[in-house]
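One-letter residues, chain by chain:
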Amino acid sequence: MTADNDDMRPSPEAMLKLAQAEEVTAELGRLKIFLGYAAGVGKTYAMLEAARKRQADGRDLIIGYVESHGRAETDALLQGLEVVPRRQVPYLGVSLPEMDIDAILARKPQIVLVDELAHSNAPGCRHEKRWQDVEELLEAGIDVYTSVNIQHFESLNDVVSRITGITVRETVPDRLLDIAFEIKLVDIPPEDLLQRLHEGKVYVADQAAKAIEKFFRPGNLMALRELSLRRTAARVDEQMRAYMEVQSIAGPWPTSERLLVCVSGSPYSESLIRAACRLAEELKGEWFTLYIETPGGGRQLQENRERIWRNLRLAEGLGATVATVTATEVTAAVMDYAQKHNVTKIVMGKPTRPRWRELLSPPLVDQVIRASGAVDVVIVSFEPEKHPVSPQKHPQHRPFQLRGHAGSVLLVAGATLLCELLRPVLAPTNMVMFYLLAVVVASVRLGRKPALLSAVLSVLAFDFFFVPPRLTFTVFDTQYLMTFVGLFVVGAVISTLVVQSRERAEMIRARELQTASLYYLSRDLAAAIDIDAVLRAVVRNVEEALPARLIIFIPEGERLDLVAKSEGLDLDLKELAVADWAFRNNHPAGRATDTLVSAGLIYLPLKTPASVLGVMGVQLEQEQEYHSQESRRLLDAFATQAAMALERIQYSRQAEQAQILQARENLERALLNSISHDLRTPLATVTGVLSSLRERAAHLDEPARRELLETAAGEAERLNRFVGNLLDMTRIEAGAVRLNREPCDVQDLVGCAMAALEPRLDGREVSLRMLPAVPLVSMDLVLMTQVLVNLLDNSLKYAPRSEPVELTAAIEGQWLVIEVADRGCGVPEHDLHRIFDKFYRIPIPEGAGGTGLGLSICKGIVEAHGGRITAENRPDGGLRISVRLPLTVEEDRHHDG
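Note that the structure is predicted; figures quoted are calculated from it, not measured.

The rules behind each value
Residues numbered from 1 in each chain as written. Predicted model: local features only at pLDDT ≥ 70, side-chain atom pairs only at ≥ 80, totals over all residues. Heavy atoms only, no water. Helix = DSSP H or I, 4+ residues; strand = E, 2+ residues; numbered from the N terminus. Buried < 20%, exposed > 50% of the residue type's maximum accessible area, 1.4 Å probe, protein only. Contact = heavy atoms within 4.5 Å. Areas by Shrake-Rupley, 256 points an atom, 1.4 Å probe, with all protein chains shown as cover. Patch = residues over 30% accessible without salt bridge, like charges linked within 9 Å, V, L, I, M, F, W, Y side chains within 5 Å. Salt bridge = Lys/Arg side-chain N within 4 Å of Asp/Glu carboxyl O. Pairing = 2+ DSSP bridges. Axes fitted to C-alpha atoms, helices over the stretch in contact; angles between N-to-C directions. Phe/Tyr/Trp six-rings, centres within 6.5 Å; stacked < 30°, edge-to-face > 60°. Lys NZ or Arg CZ within 6 Å of the ring centre and 35° of its normal. Lys, Arg positive; Asp, Glu negative; His and termini not counted. Core = buried A, V, L, I, M, F, W, Y, C linked by side-chain atoms within 4.5 Å. Parallel < 35°, antiparallel > 145°, perpendicular 65-115°, else oblique. Left-handed = near helix turned anticlockwise from the far one by under 90°. Nonpolar A, V, L, I, M, F, W, Y, C, P; charged D, E, K, R; others polar. Disulfide = S-S within 2.5 Å. Polar contact = N/O pair within 3.5 Å; in protein donor to acceptor, adjacent residues only side chain to side chain. pLDDT = per-residue confidence, 0-100.

1. Details of the overall build of the chain
Stage number 1. The helix and strand tally for the chain stands at 29 helices and 25 strands.
Stage number 2. When burial is assessed residue by residue, the chain has 42% of its 897 residues classed as buried.
Stage number 3. Once local pairs closer than 6 in sequence are excluded, the contacts in the chain between residues at least 24 apart make up 68%.
Stage number 4. Taken as a whole, the chain presents about 48,100 Å² of accessible surface, with 55% of it coming from carbon and sulfur.

So this is what it looks like as C-alpha cells:
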C-alpha cells in the first residue's frame, strides 16, 4: 500500500467518534425538523405532505399532535391519517387537550408527527415541555417529524429579542438541531407571508392586526428569515466537516468562505489584517488570523512583540478568530491549520525583499502557493513609501552582540594558538577540527551570528597561518580551496543546527514552565472549597509564575469589593475606575490594552460564558512583559481558571441553597402530612360529637351524653397539645425562647409533670426513683415541666401496658441527670441519631398519635438551659432518654449568653 493511500485513511480518532455516534443513534429514533422563521410559512403543511409520502411508501405513521388552526387545506391533508386522541388534562376548572404520549408509546409506530415543538404542556403532564415528550419518543426508537420556528431556539433568544422587541418565553434547546437527522427549511418571501396574514390565513381575523403591529413587520421577518437560513446552512456545514473528517477528505469544499491571514510582526501586517477583514465582509465568510512562532524566531519576537500583540488584538477586535501556533516549519503549519479549519482562501502580503534574496531563500508566499492545493491564495500589495520596512534598531542589544563577536574572535585566536603549538606534529588538514570545535562552542555559547563569524574567521586564520605559503593568503595547492569551502560550510551548518536546537530547547522549556504553572493553579483551585481559598491560590500562583503583583475585585451589589491583593499593592481612585470599567464592559482595560492605557495595571475581567464574576488587576515587574504573548496568554489562562473556580464555588453554594430549600419543602410537606391526619382526627371526633348532640340529643340518655362529651373533651385536649407543640417548635426555631430561671426543687418538677400527665395515665404505672435530698437547680420550671411531660408521654406510647415507665433523678458531678426509661421496642441503632429530629417517628402502636415534634421540642428547651439530651437502647429492651442540666448558676449564665 502506498503512502498516499495511507494518508487517505480516516484517523483512529475520527473512526472512534463515528462508531460512538452510530452506537448512540442506532438505539434512537430519527428526528426530522421542519424549520420556519414565522407562523404561517407552511411548516405544518409541509410536514403533512411529507407524512403522506411516507405513508404511501408503506411506513407505519400516526398523528401525535397536529394543530391545523382551522385551515381547510391543512385539514384536507389530515384525511386518511391515523390520529391519536388527545389527552384531556384538567387545570383550573377547564380541560386542556394535550398529546397522549403513553398512547403513542403503546401504539409504537414507525413515525409520529408532533406539531409545535416549543409548546409548554399543561400542569399535570409528565413533561413540562413538548420537546421533552419528543426526546422520550426518540429514546423509544420512534422516528419523529416536528415543526418549530427559528426564534424558539435557546441560543437565539436574545438575538430575536433585540430584533423584534419581543422576548420568546417558549424555547427549545439547540441540541435538538444537532441530533436532527434532517432539517427541512420551509421558506416563503416575507411579502407572501404578509399577504397570507392579511387574508386571514395565519391567525384568526381579530388577531391579525395585533400580530402585524407587534411581530409581523417586514424588517423583523427579513431578519428572522436570515437567521433560519444561516442556522440551517451552519448545520449543513457541520455535517460536511464531520463527513470530511471521517472520510479523511483533505478538502476544502467551497460551500462557505473561510479566510486565513498570517501575520509576522511586519509593518505591513496591520494593512494585511484590514484587507482580509474587508474581503471577509464582502464574501460573508468567517476569517482567522494566525501567528506562527518558530524556534528561530525568538530574537524577532523579542524585537517586535509589541507590534505582533497589537496586530493580533486588532484582528480580534475586527472579528477574527485569533490563534498562535508553535512550529518548526511555517509552511507546513499554515497548511495544517488551513486544512483543520476548512479554510478556502489564504491572504498573504506581496514579498518586499530584493530579488537576489528570493533566489537564495524562496519567500513564504511561494512556498504556501506550491503547497496550497485546492486552497486559493490571495496576494495583497502594499506601497513601500507608506510603510517603511527598515527594521527598528534596539541599541540595548548592541553590547551583547559586540561581546558575542569579540568572543568569536577570541575562540578563533585560541584555536589558532593551539594549532601553532601542535603544528610540528599535526598536518594542516587535521587542524581543521580545532576550528570546527571553536565554531561549535560559539554556536552553543554565543549565538547564530557570532558562530557564523567564527566560521569565516576560522577559514581566514587557517589559510593565513597554516596553509603553505604561511603568513599570506596565497594558496599554491588548489586542493586547499575545497578544504576552505568544507570548513566554512560545515561550520555554518553546525552553527545553524546547534542554534536551532538551543532555541527549540528554550521554547520547550518556556512551554513547560507555562504548562506547569497552569497545572499547579488547576490543582490548587480544584482543592479549594471556598472563595477565600480560590483567591489565595490565584494570588500565590500568579506571583510565582510571573514576576508580578495582583489585585482581585468581586462585585457586591452595585460596587466592586477588593477581596485579595499582593502585599504592598495599593490603588488610587483612577485605578479603581479602570477596574470598574473593565468589569462593567467585560473587556480588558489598562496597561498594554486599547482602553485606558494610562493605567498602571492591566485589568482582566474574570468571565465565564454565563457572566462576569470579577476583575483581576496585574502589575508586571518588567515593562516588556506587558507586550509578551507568553505572558498575556498565561494571564488570560489564569483569569479563565480563576473565573471557572469562582463559578464552581458559586454553583456549589446555589446547589447547597437548593438542597436547603428542598429540605425545607420536605419538612413543610411532612408537616402538612402530619397535621392533615393528626389534627383532622380530633376535629372530626369533636365535630361528630357535636353533630350527634345537636341532631339526636332527645334520643340520648344521660350516660351516653356524658360519654360523648368526655370523648369530645379528650380529643379537644389532644388537639390543643398538637397546636401547642407546633407553636413551641416555631418559637424554638426562631430563637424566641426566653428562660424564666429560678431555683427549683426537682421533686416539684416531677410533681408538676405527673399532675399534668394524670388524665392520660389511664391506670398506667410510673416508677419514681430519686435521692432524698437533691439541691435546688436553676431552671424554667414551666418549660422543664413540658420536657418531662413529653418524655413520659413518649414512653407511655411505646411501653407495654403491663410494664411501668421508670423515672429517675440523680446528681453526677456538676450535673442533674433525669432519666426516663421504658420497656418498649426501642429505636433501630441506625436511627438513634435522628430521634430528636423534627417529624421523626417510628411506627406507633394502634391508638397512639403524635406530630413527631415532642422530642425535638425537648432538645431545644434542654439546650437553651445549657444542657444535653441523649437517647440509647437498653440492653434488655426498651429506650432510655437522659437529660443533663448544669447545677451552677455561672455555667447557666454562660450557656444563656
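2. Quick notes on a nonpolar patch on the surface
Stage number 1. Judged by side-chain polarity, V456, L460, F473, V485, F488, V489, V493 and L497 come together as a nonpolar surface patch covering roughly 670 Å² of accessible area.
Stage number 2. If you list the elements that add at least two residues to the nonpolar patch, you get helix 19 (448-466) and helix 20 (479-527).
Stage number 3. Along the chain, V485 falls in helix 20.
Stage number 4. Judged by its relative accessible area of 47%, V485 falls in the partly exposed class.

3. Here's the deal with the pairing of strand 12 (residues 345-349)
Within a regular beta strand, the side chains point alternately toward one face of the sheet and then the other, so they alternate between its two faces.
Stage number 1. For strand 12, the tally of buried residues reaches five of five residues, placing the bulk of the element in the interior.
Stage number 2. Here strand 12 shows two buried faces, one formed by K345, V347 and G349 and the other by I346 and M348.
Stage number 3. Across three bridges, strand 9 (residues 258-263) lies against strand 12 in parallel orientation. Opposite V261, over in strand 12, you have V347 as the bridge partner.
Stage number 4. In this structure, strand 12 lies alongside strand 13 (residues 376-380), joined through five bridges in parallel fashion. Across the sheet, the residue bridging to K345 is D376, located in strand 13.

4. Focus on the sheet that holds strand 1 (residues 31-36)
Through backbone hydrogen bonds, the strands of a sheet pair up, either in parallel or in antiparallel fashion.
Stage number 1. Strand order in the open sheet formed by six strands is 3-2-6-7-1-8, and the pairing between neighbours is parallel. The open sheet has two edge strands, strand 3 (82-83) and strand 8 (182-185), and neither has a second partner.
Stage number 2. Pairing between strand 2 (residues 61-65) and strand 3: two bridges, direction parallel. Note that in strand 3 the partner of I63 across the bridge is V83.
Stage number 3. Sheet strands touched by helix 3 (residues 43-56): strand 1, strand 2, strand 6 (111-114) and strand 7 (143-149). Its angle to strand 7, the strand with the most contacts, is close to 165 degrees.
Stage number 4. Sheet strands touched by helix 6 (residues 130-139): strand 1, strand 2, strand 6 and strand 7. Its angle to strand 6, the strand with the most contacts, is close to 175 degrees.

5. Let's talk about the sheet that holds strand 12
Stage number 1. As summarised here, the arrangement of the five strands in space is 11-10-9-12-13, forming an open sheet in which the pairing is parallel. Each edge of the sheet is formed by a strand with only one pairing partner; in this case those strands are strand 11 (321-326) and strand 13. Pairs of neighbouring strands in the sheet enclose a mean axial angle of 25 degrees, with direction left out of account.
Stage number 2. Relative to strand 11, strand 10 (residues 286-293) is paired through six bridges, and the arrangement is parallel.

6. Some remarks on helix 14 (residues 330-340)
Stage number 1. Looking at helix 14, one finds that the buried residues are T331, A333, V334, M335, Y337 and A338.
Stage number 2. Against strand 9, strand 10, strand 11, strand 12 and helix 16 (364-371) lie the buried residues of helix 14.
Stage number 3. Positive backbone phi, at 55 degrees, marks N342, one or two positions downstream of helix 14.

7. Examining the packing of aromatic side chains
Stage number 1. For the structure shown, the criterion picks out five aromatic pairs.
Stage number 2. Ring centres of F465 and F466 lie 6.3 Å apart, and the angle between their planes is 50 degrees; on these two criteria the pair is classed as tilted.
Stage number 3. Classification of F465 as partly exposed rests on a relative accessible area of 31%.
Stage number 4. Relative accessible area serves as the criterion here: at 3%, F466 is assigned to the buried category.
Stage number 5. One aromatic cluster is present, formed by F464, F465 and F466 through successive ring pairs.
Stage number 6. The residue whose ring lies beneath R86 is Y65, and the NZ or CZ to ring-centre distance is 4.1 Å.

8. Observations regarding the side chain of K43
Stage number 1. In this fold, K43 is placed in helix 3.
Stage number 2. Among buried Asp, Glu, Lys and Arg side chains, K43 stands out as unpaired, with D115 the closest opposite charge at 6.7 Å.
Stage number 3. The residues touching K43, leaving out its near neighbours within four places in the chain, are F34, L35, G36, A38, S147, V148, N149 and V186.

9. Describing the nonpolar core
Stage number 1. Counting 59 residues, the largest nonpolar core has Y37, L113, L137, L193 and F216 as the members making the most contacts within it.
Stage number 2. For this core, the element with the highest residue contribution is helix 3, accounting for five residues.
Stage number 3. Those residues in contact with Y37 that sit more than four places away from it in its chain are N149, I150, Q151, D187, I188, P189, P190, L193, L221, L224, R225 and S228.
Stage number 4. Counting 47 residues, the second largest nonpolar core, distinct from the first, contains V777, M784, L796 and V805.

10. With respect to unusual backbone geometry
Stage number 1. At K108, a position not held by glycine, the phi torsion is positive, near 50 degrees.
Stage number 2. Examined against the element boundaries, K108 turns out to sit in the loop between helix 5 (101-107) and strand 6.
Stage number 3. For K108, a relative accessible area of 45% corresponds to the partly exposed category.
Stage number 4. Notably, N342 is not glycine yet its phi reads approximately 55 degrees, a positive angle.
Stage number 5. With respect to the helices and strands, N342 occurs in the loop between helix 14 and strand 12.
Stage number 6. N342 gets classed as buried once you look at its relative accessible area, which sits at 4%.

11. Some words on the environment of V689
Stage number 1. With respect to the helices, strands and loops of the structure, V689 is situated in helix 24 (residues 680-696).
Stage number 2. What V689 contacts, discounting residues up to four positions off in sequence, is L708, L709 and A712.

12. Considering the packing of helix 14 against helix 16
Stage number 1. It is the contact of helix 14 with helix 16, at a shortest axis distance of 10 Å, that shows an interaxial angle of 45 degrees. The orientation of helix 14 with respect to helix 16, classified from their angle, is oblique. The two elements helix 14 and helix 16 meet at a crossing, and its hand is right-handed. Where helix 14 approaches helix 16, its residues V330, T331 and M335 are matched on the opposing element by L364, Q367, V368 and A371.
Stage number 2. Looking at side-chain class alone, the contact of helix 14 with helix 16 contains five nonpolar, two polar and no charged residues.

13. Examining the state of the cysteines
Stage number 1. Taken as a whole and assessed by the stated rule, the structure comprises zero disulfides.
Stage number 2. There is no disulfide at C752, and the cysteine sulfur nearest it, in C744, is 8.8 Å away.

14. Focus on the packing of helix 27 (residues 781-798) against helix 28 (residues 854-864)
Stage number 1. It is at 9 Å that the axes of helix 27 and helix 28 come closest, and there the two elements cross at 150 degrees. As helix 27 runs across helix 28, the sense of the crossing is left-handed. Where helix 27 approaches helix 28, its residues L783, M784, Q786, V787, N790, L791 and N794 are matched on the opposing element by G854, L855, I857, C858, I861 and V862.
Stage number 2. Considered class by class, the residues forming the contact of helix 27 with helix 28 number nine nonpolar, four polar and no charged.

15. Section: the pairing of strand 22 (residues 805-812)
Stage number 1. Judged from the five bridges that link them, strand 20 (residues 766-770) and strand 22 form a sheet pairing that is parallel. Bridge pairing in strand 22 links R769 to T808.
Stage number 2. The turn joining strand 22 and strand 23 (residues 815-821), which pair antiparallel and follow one another in sequence, is formed by two residues; a positive phi near 65 degrees is taken by G813.

16. What about the side chain of E575?
Stage number 1. Note on placement: E575 falls in helix 22 (residues 573-585).
Stage number 2. As a buried residue without a salt bridge, E575 has its nearest oppositely charged side chain in K574, at a separation of 5.6 Å.
Stage number 3. A distance of 2.5 Å separates polar atoms of two side chains, one belonging to E575 and the other to Y603.
Stage number 4. Dropping the residues within four chain positions of it, E575 is found in contact with A599, G600, L601 and Y603.

17. Details of the confidence of the model for the chain
Stage number 1. Of all residues in the chain, 82% have pLDDT values of 70 or greater, and the mean over the chain is 79.
Stage number 2. Of the regions scoring below 50 in pLDDT, residues 1-8 engages in five contacts with residues more than four places distant in sequence or in other chains.
Stage number 3. Throughout residues 385-398 the model reports pLDDT below 50, and contacts reaching past four residues in sequence, or to other chains, amount to 12 contacts.

18. A short note on the environment of V261
Stage number 1. As for its placement among the helices and strands, V261 is situated in strand 9.
Stage number 2. Along the backbone, V261 and C277 are 16 residues apart, and their C-alpha atoms lie at a distance of 9.2 Å.

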